Amino acid sequence: MSDEDKVLDTHYEVALDDEPDPTRGPVYVDVVTKDNTRHPVIPAQWRGTDNVKSTLKRQAATAGHIAAYHAVRSPRYIGLAVLWSVVGVFRLLWRHIRWAWHPELNALLQAAATNARGKDELKEGRTIEQQLATRRTARAVMLLAELVALAVTGGLLFAFAPRYVLVLVGAAVVPLLAHYGRPATMPIVTPAVVAPRHRKLSADIVLRAYYAAGLGHPDKPDQQIHFGGPMSRDTRNIGSEVVIDLPYGKGWSDMVKPGTKAAIASGIDVTEYQVFFTRDKTSDRRHKLLVADQNPLAIPAGRTPLLRLKPTDIWKPAPFGLDERGNPVSVPLMWNSVLVGAQPRKGKTFSARLLALYAALDPYVKLTIIDGKKSPDWSSFRLVAHRYIRGTTVNRDGDPVEQVIDALMEIKKHIGEVNDFLTKLPVDECPEGKITPELSRKYPQLRVWVLVMEEFQMYYELDDKEASETIAGLLSNIMATGPSAGVIPLSSSQKPSGIGASQNVLRLFTRYRDNHSIRFALKCGNRTVSEAILGDEAYGEGYNAAALPEGKEFRGVGILYGADDNTPIVRTHLAEGPDAEKILMAARSFREAAGLLTGEAAGEDMAREARDVLNDVRNVFYAGKATISWPALAARLKETYPEAYADITPEAISAMVRKLGVKGKSVKDPEHFDKGVGQGCDKASVEAAIERRALGSR
């Protein structure tokens, strides 16, 4: 296999620019690696058990893909190799014949004949002719001997050698002949992994970009851009970076102006989403420029680390995703309130749910879930929620508006009780008059409480204006007094502005929205919506969620504002429905073990325990049917036993029966699966689980 046929699994540098202008003097950049820019002895991907496992898994996945890619195409490779090997035989034979004919001496013979004017020239021509005849004869004999040797060797091998020897010889000879026979532009084996190309950053490119953006002038000494450090690869090897010193009079405010990043990206000839600035704390005119090899926002952050199914601590920041450099990003929930906003189907609910799942895994946290849009994304929180309310219209669970008012009044009352309780504690136990991790675990009255308001704007636009005003007033009160008492509002909305209610409700809505201390804005439709989520001051600092990239690969990408001094663009971790179900099942088990289930979660648990799930599942099998899918099973349980399974989901019933020893299997169900086949269970496995349970109880 030639070099061009080899599969490359690393990137390479391609210079995309012409050579620098020779009339300009060189710009010197410090390329000496300093102490604070040294690469780690052991790369990050090989440090720690988790990193090693992740790296090996990724490499194994790449190797598996390459193997599968070439295995599928192996018949094509074999056919092409045989075809080009035949061509290679004729090319090789023609080359030997040409060698035997020795055409190089023809030119000398022709030159001697052309220049012959006397006896000496004629004598030289005859000498050349004799040499040509002699050499052709010798080479013809050698070529004939070679062909005879090949024929005899081939005949002997075919007559006497075992078949596996012939196969081995063919496997060795055919690729060589095919390589010799194929054109250089038609490789037989094509790469399974395409190596990405990236910008090769240089001082001239950076200066060109900054001057084009109007941040300096190359011919004015006091307006020139300087480098404040080495130009090198990023420590995570995702791009190139360099410290920039702007001219005096220019500063960070100039860098965050709308259009500056786009202008610099154009000057470097990359996309805007590959250019990142990091503010320097020592000087307003100094910052670090990072130019990523590829758009890092299109690289998924991966599944949530909460799938380790370990208890969490609400007093520690919640893992949320990765920033543009691949650094972990977390959100501190204690003493804060969080607002998540975006266009529909940009990852808003999944992002808010990540933080709620983190809170659920702390058994000492109470959860109130209020879902204004009645989304199935939150239904699994019934497993742990103190209260779970959905929608705005009366349903089988009652009037949700009344339930929302009751739930908010309960939280408001809790805030007052917390403050009263703290004032009664001795100074040595509560010296600062605030909740501490120890106090929140010691006293049930001081539990941390997370209030989730999904599509909270729905409750500001109710037909019952009085109810809207009541809810608006309660939410504003909770937002103002709750965080200091351990109540964490977690709100999400796809309509953070333009609420069509009374002026008082609109005022209270704006107060509630604007008082969130941490905001996360995913892709927005326009600048106005972005400002409504992030705040007016964010746009002035250069943050505009309307400018985030568009596309499926960018779902879950947003700007995190207010979590700390930095404002990163975050790729959130992913927790799909089954993952969320799994996390919440673990969260419920932690609460059950600690005796901390409260409210509706405790009541639902008692109702479910009163029924025999395995018998219920067996009873809903249709006569003569041996299998059933999870969606069909959930639907039949709802229909047959509505009092116990009114809100059961396919994922939930799957987790329940699997936990009871029923194995899942692939079943036919064209009604619920587009491909006609999906996951479910069979009746025999259910009956076997019932029998095992009976034997175990004897």
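### A short note on the pattern of salt bridges
Following the criterion strictly, the structure yields 19 salt bridges and no others. Across the salt bridge formed by Asp293 and Arg233, the nearest N and O atoms sit 2.6 Å from each other. Pair noted here: Asp293 is in the loop between β7 (286–292) and β8 (318–322) and Arg233 is in strand β4 (residues 232–233), with a separation of 60 residues, a long-range link. Accessibility expressed as a relative area gives 19% for Arg233, which makes it buried. Where Lys495 meets Glu461, a salt bridge forms, and the shortest distance between an N and an O atom there is 3.2 Å. Taken together, the positions of Lys495 in the loop between β14 (487–493) and α13 (503–514) and Glu461 in the loop between β13 (448–454) and α12 (465–481) put the pair 34 residues apart, joining distant regions of the chain. Lys495 sits in the partly exposed class, given a relative accessible area of 32%. Take Glu461: its relative accessible area is 29%, and that puts it in the partly exposed class.

### Side note on the nonpolar core
Ranked by internal contacts, the top residues of the largest apolar core, which has 102 residues, are Ile314, Leu333, Ile370, Phe381, Leu408, Tyr460 and Ile471. With ten residues, the top contributor of residues to this core is helix α10 (residues 400–424). With residues up to four places along the chain from it excluded, the contact list for Leu333 reads Ile314, Ala318, Val338, Leu355, Tyr358 and Ile488. Judged by nonpolar contacts, the second largest core, of 26 residues, contains Ala203, Leu246, Ala265 and Val275.

### Structural notes on the pairing of β13
Among the seven residues that make up β13, seven are buried, leaving the element largely enclosed by the rest of the structure. Of the two faces of β13, the one holding Val448, Val450, Val452 and Glu454 and the one holding Trp449, Leu451 and Met453 are both buried throughout. Where strand β11 (residues 365–371) and β13 come together, seven bridges link them in parallel fashion. Across the sheet, the residue bridging to Lys366 is Trp449, located in β13. Relative to β14, β13 runs parallel, the two being bridged by six bridges. Bridge assignment links Trp449 to a residue of β14, and that residue is Val487. On the question of chirality, the crossover connecting β13 to the parallel β14 by way of α12 is right-handed.

### Quick look at the side chain of Ser654
Mapped onto the fold, Ser654 is located in helix α21 (residues 650–659). Overall, the relative accessible area of 10% leaves Ser654 in the buried class. Of note is the side chain of Ser654, whose polar atom sits 3.5 Å from the side chain of Trp630.

### Some points on the packing of α12 against α13
Where α12 contacts α13, the axes come no closer than 9 Å and their chain directions differ by 25°. With respect to α13, the element α12 is oriented roughly parallel. The handedness of the crossing between α12 and α13 comes out as left-handed. Touching Ser468, Glu469, Ala472, Gly473, Leu475, Ser476 and Met479 of α12 are Asn504, Val505, Leu508, Arg511 and Tyr512, all from α13. The class makeup of the residues in the contact of α12 with α13 is six nonpolar, four polar and two charged.

### Overview of helix α16 (residues 577–594)
Think of an α-helix as 3.6 residues a turn; residues three or four steps apart then line up on the same face. With 18 residues, α16 should reach 26 Å at 1.5 Å per residue; the first-to-last C-alpha distance of 26 Å fits that figure. Taken together, the buried positions of α16 are occupied by Asp579, Ala580, Glu581, Ile583, Leu584, Ala586, Ala587, Arg588 and Arg591.

### Here's the deal with the sheet that holds strand β16 (residues 557–561)
Strand order in the open sheet formed by ten strands is β9-β8-β17-β16-β15-β10-β14-β13-β11-β12, with mixed pairing between adjacent strands. A strand with exactly one partner marks an edge of an open sheet, and here the two such strands are β9 (328–331) and β12 (387–390). Mean inter-strand twist for the sheet, computed between neighbouring axes without regard to direction, equals 25°. Along the sheet face, α10 touches β11, β12, β13 and β14 and points at about 145° away from the line of β12.

### As for the sheet that holds strand β19 (residues 665–668)
Strand order across the open sheet formed by three strands is β18-β20-β19, with antiparallel pairing between neighbours. Looking along the sheet, the strands with just one partner apiece sit at the ends: β18 (627–629) and β19. Recorded for the sheet is a direction-independent mean angle of 60° between the axes of neighbouring strands. Pairing analysis gives four bridges linking β19 to strand β20 (residues 677–682), with the strands arranged antiparallel.

### Examining unusual backbone geometry
Outside of glycine, negative phi angles account for most residues, and trans bonds account for most peptide bonds. Backbone geometry at Leu309 places phi at a positive 60°, although glycine is not the residue there. Since its relative accessible area comes to 27%, Leu309 is described here as partly exposed.

### Quick look at the environment of Pro311
Secondary-structure assignment places Pro311 in the loop between β7 and β8. With relative accessibility at 51%, the residue Pro311 sits in the exposed group. Setting aside anything within four residues of it in sequence, one finds Pro311 in contact with Leu361 and Phe590.

### Thoughts on a nonpolar patch on the surface
A cluster of nonpolar residues, Ile78, Val82, Val86, Val89 and Phe90, forms a patch on the protein surface that exposes about 470 Å² of accessible area. One can find Phe90 in helix α2 (residues 74–101). The exposure class of Phe90 is exposed, given its relative accessible area of 58%.

Criteria and cut-off values
Residues numbered from 1 in each chain as written. Predicted model: local features only at pLDDT ≥ 70, side-chain atom pairs only at ≥ 80, totals over all residues. Heavy atoms only, no water. Salt bridge = Lys/Arg side-chain N within 4 Å of Asp/Glu carboxyl O. Helix = DSSP H or I, 4+ residues; strand = E, 2+ residues; numbered from the N terminus. Buried < 20%, exposed > 50% of the residue type's maximum accessible area, 1.4 Å probe, protein only. Core = buried A, V, L, I, M, F, W, Y, C linked by side-chain atoms within 4.5 Å. Contact = heavy atoms within 4.5 Å. Pairing = 2+ DSSP bridges. Right-handed = clockwise from strand over helix to strand, strands pointing away. Polar contact = N/O pair within 3.5 Å; in protein donor to acceptor, adjacent residues only side chain to side chain. Axes fitted to C-alpha atoms, helices over the stretch in contact; angles between N-to-C directions. Parallel < 35°, antiparallel > 145°, perpendicular 65-115°, else oblique. Left-handed = near helix turned anticlockwise from the far one by under 90°. Nonpolar A, V, L, I, M, F, W, Y, C, P; charged D, E, K, R; others polar. Expected span 1.5 Å × (residues − 1). Patch = residues over 30% accessible without salt bridge, like charges linked within 9 Å, V, L, I, M, F, W, Y side chains within 5 Å. Areas by Shrake-Rupley, 256 points an atom, 1.4 Å probe, with all protein chains shown as cover.

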